[in-house]
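The residues making up each chain are set out below.
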2 protein chains.
Amino acid sequence: MSIDDDVEIRGQSVGLVEPQSFTFAAPPEPMLLESGETLGPVTLAYETYGRLNDDRSNAVLVVHALTGDAHVAGRHSDDDRKPGWWDLMVGPAKPIDTDKYFVICSNIVGGCKGSTGPGSTNPATGKPYATDFPMVTLGDMVRAQAALVDHLGIERLMSVVGGSMGGMQVIEWALAYPDRVASIVPIAAAARQSAQNIAFDEVGRQAIMKDPNWNDGHYYDGQAPASGLAIARMIAHITYLSEHSMREKFGRRLQDKDAYGYDFGTEFQVESYLRYQGDAFIKRFDANSYLYITRAMDYYDPTTRYGGGSLVAAFERLRPETRVLVISFTSDWLYPTAESKEIVRALKANGIPTTFLEVPSNYGHDAFLLPNDLMESAIRGFLAAVAKGGRR
Amino acid sequence: MSIDDDVEIRGQSVGLVEPQSFTFAAPPEPMLLESGETLGPVTLAYETYGRLNDDRSNAVLVVHALTGDAHVAGRHSDDDRKPGWWDLMVGPAKPIDTDKYFVICSNIVGGCKGSTGPGSTNPATGKPYATDFPMVTLGDMVRAQAALVDHLGIERLMSVVGGSMGGMQVIEWALAYPDRVASIVPIAAAARQSAQNIAFDEVGRQAIMKDPNWNDGHYYDGQAPASGLAIARMIAHITYLSEHSMREKFGRRLQDKDAYGYDFGTEFQVESYLRYQGDAFIKRFDANSYLYITRAMDYYDPTTRYGGGSLVAAFERLRPETRVLVISFTSDWLYPTAESKEIVRALKANGIPTTFLEVPSNYGHDAFLLPNDLMESAIRGFLAAVAKGGRR
């Protein structure tokens, strides 16, 4: 069964969609960031799908992972080669059903996909911010999204849904705006990065910053630190797959040859895959955004920000009727099930109605981006229950 | 209990030791390599400890991991800050007891610790080989060690012991020279690298080769690709630790600060650790050797070389009385227990007397280098049994 076959069966495409953007916090009223610095104006790229109902109660915000963007579903033009990054989840009759829900997908501050980030023009200088861009946090990203949600005239979101770093934004949404979310769905996420995750991020950042083209971030009028960014992406890609999926996908198979070449060219299929992933990524992502966003992920810690060191105490802020669906994947070693369970336990300790689903999958962390009956039906059913306003 | 305290209790140091070297395969009779190329002369750095007995039956060869060297125990001078890399295992009354055994530790061809490698002078040009150095395999490394063992007048080794890549050399020793090993002890190893291991190695190699100072390997009269090598080492270090040990050792603790600096300097302790590991490594290792040795590890596959694709068939070469002790560590995710068990199953399928020990440890792959009662007593007991010539 190919992924495409699978997706086709489960619903229709949202069709053509239009990229949108929203700008706010223009000086003299810039956004005050968690670091104490200010940023403005701030632009967020976003897309919407479906129709907001009359009482504005059917809005679902989808937030994305580290290198994602606002284009979650559909195509921008008829000849787009690929649809949005979670097209399998968002569309008519799909789990996040655009016949029923008004779906918003927002990009993040600090990114490079149409939102204000280090590659944007610094109004003070007329040049790209580069590393003069202030450090942004996941809290800042979510507060910017809240301004977008205000702009769309939505007081309360029916749900906030996201995987990986999206799942961390989901948690921040619930903590920063407990009155504005009826439900949350953090997927393949942790409340905060483990030492191992920080370590992988740090090596990626070092690879970028040690690239001579990085030039302290001021490379926009020259060569980008493509080598460093490719290395960072290759490292990250290993963490997105499971040992099992790498074995199945590549094993020790050689790339277009029957015997070793005894040189440093591509010998194994897994090498070819990683080199390709690195090379493809540098065409679509800005190295400085990679630095800022990974840093924001590593900084994020709701226990210190909201709970005096305790996740249970942090979740005391939630309204008791907030509904939660937490999803993890058995072979995800970047955000293992144990870390999802930590979230679940802290929610349950506060009496928050929480459903936990550990999905059997061999695809590692990437599993949340791939078709999966269990994940899809769980999210479909959860949103339907929230929409009905059913309580346990 | 500190590691030093622990080591002191279990035996004495071998004291001062003398680095030695052995040169062979001088042209016109160079060594024919697995790749079909030739290399000569070949120098191997080695050290010996203890005394060869009269019937030359008490020799134990210790082989080292990726970045190790021939200096396994003792000190080179009284003011040496640290002893050899496995001092806890090798010495009088230690598990590999130099009062009983004649211990040899050999460096490898391709390395940079006194043996012929890419940094050595190419006799054809008078300059360092750099990437004109021929590709060497684990088979080549072991054949060079066999020449050293010949030179020492030893027909048959009582045991060959090694961890990580050393464990792979141990396996190659048994397969290439089944009549010359009475026993083998592969520790924290696999018969061949998994796709994930090849992937980590490949990212490290790419980091080196994308460093502009690498210059296709010809950097010996200029700047070494220190940035790339540091990145490679940082990646590798993450794989040597377990998630658990990183959590215990660093968690999310900040480095010498109470609050985030909101910059790209060192924020977390784990970042400081990795940066230190990277910086320390570039002072003691040659980037080209890192390329050649990781390539050799990735190439190594006894199933194709000796077994027509089957590890069981490969081990048919072993003499039925060869004794084997296989050791793995519970938290080692680089060479997980499942891969050790594959070795054990293939040996047992051939009726080879094999003892398997999975040592409980939270230290990840690095565990084999750290004090561990269970590992130490197992190796001590195993070698004593082999020395007695006892059969099951």
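Values in this document were obtained by computation on a predicted structure and should not be read as measured data.

**Q** Can you tell me about the domain arrangement of chain A, naming the residues and giving the values?
**A** Quoted interface sizes are often the accessible area lost when the parts come together. Residue and element names in this part refer to chain A. For chain A, the assigned domains read domain 1 (3-193 + 302-388) and domain 2 (194-299). Residue-level contacts link 35 residues of domain 1 with 35 residues of domain 2. For the pair domain 1 and domain 2, the two sides together bury roughly 3000 Å², of which 64% comes from carbon and sulfur. The largest contributions to the domain 1 side of the interface with domain 2 come from Leu66, Gln193 and Trp333, which together make up 26% of the buried area. Linking domain 1 with domain 2 are zero salt bridges, by the criterion used here. At the junction of domain 1 and domain 2, the tally comes to 16 residue pairs in polar contact (both at pLDDT 80 or more). Put simply, the parts of the chain that give the side of domain 1 that touches domain 2 at least two residues each are α2 (138-151) and α3 (165-176). Looking at the side of domain 1 that touches domain 2, its residues break down into 19 nonpolar, 11 polar and five charged.

**Q** Now, about the sheet that holds strand β1 (residues 20-24) of chain B: what can you tell me, with residues and values included?
**A** Residues and elements named next belong to chain B. Pairing in this open sheet of eight strands is mixed, and the strands run β1-β4-β8-β5-β11-β12-β13-β14 from one edge to the other. A single partner strand is all that each edge strand has here, and the edge strands are β1 and β14 (354-359). Going across the sheet, the axis of each strand differs from the next one's by a mean of 20 degrees, ignoring polarity. Pairing of strand β4 (residues 42-49) with strand β8 (residues 102-106) involves four bridges; the strand directions are antiparallel. Note that in β8 the partner of Thr48 across the bridge is Ile104. Contacts from helix α3 (residues 165-176) reach β5 (59-63), β11 (159-163) and β12 (183-187), with the element oriented near 150 degrees to β11.

**Q** Lay out the relation of the copies chain A and chain B with the relevant residues and their values.
**A** Both copies of the chain are related by a screw-like operation: a rotation about an axis and a shift along it. Aligned on chain B, chain A shows an RMSD of 0.0 Å; the corresponding rotation is 180 degrees and the shift along the axis is 0.0 Å. Each copy turns onto its partner about a two-fold axis. Same-surface contact between copies: 100% of interface residues of chain A are shared with the interface of chain B.

**Q** Let's hear about the nonpolar core: which residues, and what values?
**A** Ranked by size, the top nonpolar core spans 198 residues in total, and within it A:Ile104, A:Trp173, B:Ile104 and B:Trp173 carry the most contacts. Contacts of B:Ile104, omitting those with residues within four sequence positions, involve B:Tyr46, B:Glu47, B:Thr48, B:Ala59, B:Val60, B:Leu61, B:Val62, B:Leu148, B:Leu152, B:Ile154 and B:Leu157.

The rules behind these values
- Residues numbered from 1 in each chain as written.
- Chains lettered and ligands numbered in written order.
- Predicted model: local features only at pLDDT ≥ 70, side-chain atom pairs only at ≥ 80, totals over all residues.
- Heavy atoms only, no water.
- Domains from an automatic or database assignment.
- Contact = heavy atoms within 4.5 Å.
- Buried area = accessible area lost by both parts, 1.4 Å probe.
- Salt bridge = Lys/Arg side-chain N within 4 Å of Asp/Glu carboxyl O.
- Polar contact = N/O pair within 3.5 Å; in protein donor to acceptor, adjacent residues only side chain to side chain.
- Helix = DSSP H or I, 4+ residues; strand = E, 2+ residues; numbered from the N terminus.
- Nonpolar A, V, L, I, M, F, W, Y, C, P; charged D, E, K, R; others polar.
- Pairing = 2+ DSSP bridges.
- Axes fitted to C-alpha atoms, helices over the stretch in contact; angles between N-to-C directions.
- Least-squares fit on C-alpha atoms with pLDDT ≥ 70 in both.
- Core = buried A, V, L, I, M, F, W, Y, C linked by side-chain atoms within 4.5 Å.
- Buried < 20%, exposed > 50% of the residue type's maximum accessible area, 1.4 Å probe, protein only.

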